[in-house]
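As a plain string of letters, each chain reads:
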Amino acid sequence: MKYDVIDEHYYRNTANMYRAFHQYDSYDRKGPKIFCGEWASREGEPTTNMNAALGDAAWMAGMERNSDIVIAHCYAPLFVNVNPHGMQWKSDLIGYDALNAYGSPSYYAQCMFAGNVGDRIVPVEVNGVPTMDVRGAKMDQLYYSATRDAKTGKVYLKLVNGGAALVTVNISNAGA
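The text that follows walks through the structure, step by step, so that each part is easy to find. None of these values were measured; they are calculated from a predicted model.

A look at the sheet that holds strand 3 (residues 70-75)
Move 1: Spatially, 3 strands are ordered 1-2-3 in an open sheet, and the strand pairing comes out parallel. The sheet is open, and its two borders are formed by strand 1 (5-12) and strand 3, each paired with just one other strand. Taken pair by pair, the neighbouring strands of this sheet meet at an average axis angle of 20°, ignoring direction.
Move 2: In the sheet, strand 1 pairs with strand 2 (residues 33-41) via 8 bridges, with the strands oriented parallel. Across the sheet, D7 pairs through a bridge with F35, a residue of strand 2.
Move 3: Packed onto the sheet, helix 2 (residues 50-65) meets strand 1, strand 2 and strand 3 and runs at close to 170° relative to strand 2.

If you want it as structure tokens, here you go:
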């Protein structure tokens, strides 16, 4: 049986979100499309912290770079009651109580991605990406995606620095 779309779920720590940046690069382009129906960096409580937001942004960049096969995704869990004993899951996207609601750092990363996206994937050539040591493993420090709006020609480049060190980048837009 051949499926049109498969539903994948990932709850990972931040380091594993960084490691999964290239996950969809090798998927068969003729195979089923992907709906990543639940995913989250599981760090911080009751909502995610800034480190988790960076892991989430790296994961979203990987999905966006492969949006020819990743056709939809949903962050989960979404809401957490921040009152004592009200929490069902740790590291939710949005916290609330009887009077207030607030977005986590991951929520604002989602907003930045959603508000700055084109309708075409732009290939990105990267040279000399620095690495970082995460729990004894070397990983990329920079994560990226680029899209272009076909109507306006506007290009959206997203860069995520997953490390503690400052990284200087030179950007060239060939054919601009």
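Next comes the rest of the description.
What about the packing of aromatic side chains?
Move 1: Counted according to the given criterion, the structure contains 9 aromatic pairs.
Move 2: Arranged with centres 5.3 Å apart and planes meeting at 70°, the rings of F21 and Y144 form a pair that is edge-to-face. Highlighted residues: F21 in the loop between helix 1 (14-19) and strand 2 and Y144 in strand 10 (residues 142-148), separated in sequence by 123 residues. The same class applies to F21 as to Y144, namely buried.
Move 3: The interplanar angle of 45° and the centroid separation of 5.5 Å between the aromatic rings of Y24 and W59 together place this pair among those described as tilted. One end of the pair, Y24, is in the loop between helix 1 and strand 2; the other, W59, is in helix 2, and 35 residues separate them in sequence.
Move 4: For W59, a relative accessible area of 1% corresponds to the buried category.
Move 5: An aromatic cluster is defined as three or more aromatic residues linked by ring pairs; in this entry it consists of Y10, Y24, Y27 and W59.
Move 6: Lying across the ring of W59, R12 places its NZ or CZ 4.7 Å from the centre.

Digging into the packing of helix 2 against helix 3 (residues 105-114)
Move 1: The N-to-C vectors of helix 2 and helix 3 enclose an angle of 30°; their axes lie 8 Å apart at closest approach. By the angle class used here, helix 2 and helix 3 are roughly parallel. For the pair helix 2 and helix 3, the sense of crossing is right-handed. Facing helix 2, whose interface residues are M50, A52, A53, D56, A57, M60, A61 and E64, helix 3 presents P105, S106, A109, Q110 and F113.
Move 2: Across the contact of helix 2 with helix 3, the residue classes break down as 9 nonpolar, 2 polar and 2 charged.

A closer look at the environment of Y156
Move 1: Looking at the element boundaries, Y156 is found in strand 11 (residues 155-161).
Move 2: Residues Y156 and V117, spaced 39 residues apart in sequence, show a C-alpha to C-alpha distance of 6.1 Å.
Move 3: Leave out the neighbours within four places in its chain, and Y156 touches N116, V117, G118, S145, A146, T147 and D149.

So, the pairing of strand 3
Move 1: Of the strand pairs in this sheet, strand 2 and strand 3 are connected by 4 bridges, and their pairing is parallel. From the neighbouring strand, F35 faces strand 3, where its bridge partner is A72.
Move 2: With helix 2 bridging strand 2 and the parallel strand 3, this β-α-β connection has right-handed handedness.

Overview of the side chain of D92
Move 1: With respect to the helices and strands, D92 occurs in the loop between strand 4 (79-81) and strand 5 (94-96).
Move 2: Those residues within four positions of D92 in sequence are excluded, and the remaining contacts are P46, T47, T48, Y75, P77, L78, F79, V80 and S104.

Calculation rules
Residues numbered from 1 in each chain as written. Predicted model: local features only at pLDDT ≥ 70, side-chain atom pairs only at ≥ 80, totals over all residues. Heavy atoms only, no water. Pairing = 2+ DSSP bridges. Helix = DSSP H or I, 4+ residues; strand = E, 2+ residues; numbered from the N terminus. Axes fitted to C-alpha atoms, helices over the stretch in contact; angles between N-to-C directions. Contact = heavy atoms within 4.5 Å. Phe/Tyr/Trp six-rings, centres within 6.5 Å; stacked < 30°, edge-to-face > 60°. Buried < 20%, exposed > 50% of the residue type's maximum accessible area, 1.4 Å probe, protein only. Lys NZ or Arg CZ within 6 Å of the ring centre and 35° of its normal. Parallel < 35°, antiparallel > 145°, perpendicular 65-115°, else oblique. Left-handed = near helix turned anticlockwise from the far one by under 90°. Nonpolar A, V, L, I, M, F, W, Y, C, P; charged D, E, K, R; others polar. Right-handed = clockwise from strand over helix to strand, strands pointing away.

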